[in-house]
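# A look at the structure
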Amino acid sequence: MHETKQVYFNQVKGVIIEINNTVNFPSVVITAGHENKRSINILFKPELIKEVVENYKLGDYIAVKFFVSSRFKHDRWYTMVNALEII
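The paragraphs below set out a description of the structure included in this document.

### Side note on the side chain of Asp-60
For Asp-60, the position within the fold is in the loop between α1 (46-55) and β4 (61-73). Those residues in contact with Asp-60, other than ones at most four positions away along the chain, are Gly-14, Val-15, Ile-16 and Asn-55.

### Details of a nonpolar patch on the surface
A cluster of nonpolar side chains, Phe-9, Phe-67 and Leu-84, forms an exposed patch at the surface whose accessible area comes to about 230 Å². Topologically, Leu-84 is positioned in strand β5 (residues 76-86).

### Examining the sheet that holds strand β2 (residues 27-32)
Hydrogen bonds along the backbone pair up the strands of a sheet, which may run parallel or antiparallel. The strand order around the closed barrel built from five strands is β1-β2-β3-β5-β4, with neighbouring strands paired in mixed fashion. Taking each pair of neighbouring strands and ignoring which way they run, the sheet shows an average axis angle of 55 degrees. In this sheet, β5 lies alongside β4 in antiparallel orientation, the contact comprising ten bridges. Directly across from Phe-67, in β5, lies its bridge partner Asn-82. Sheet contacts for α1: β1 (10-20), β2, β4 and β5; angle to β5, the most-contacted strand, approximately 65 degrees.

Each value, and the rule that gives it
- Residues numbered from 1 in each chain as written.
- Predicted model: local features only at pLDDT ≥ 70, side-chain atom pairs only at ≥ 80, totals over all residues.
- Heavy atoms only, no water.
- Helix = DSSP H or I, 4+ residues; strand = E, 2+ residues; numbered from the N terminus.
- Contact = heavy atoms within 4.5 Å.
- Patch = residues over 30% accessible without salt bridge, like charges linked within 9 Å, V, L, I, M, F, W, Y side chains within 5 Å.
- Areas by Shrake-Rupley, 256 points an atom, 1.4 Å probe, with all protein chains shown as cover.
- Salt bridge = Lys/Arg side-chain N within 4 Å of Asp/Glu carboxyl O.
- Pairing = 2+ DSSP bridges.
- Axes fitted to C-alpha atoms, helices over the stretch in contact; angles between N-to-C directions.

And the structure:
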């Protein structure tokens, strides 16, 4: 029997540069990397963005466990980084 449940997820660490506490798509933008810094927009569920707003501010260091999802719409691929938890 083959187990199909995903048990390993990715994590990213970086500095918060933007907190978007909106109703539809709350997100946090962080910069990650050493020599070649990249901005990463991570989508959060409402209960998790509340934790970010209450405990973090711009310039703080944060580590987030996430999963990636993609969808094909209007002849284009759209990929999102979805937060699972703050670690």
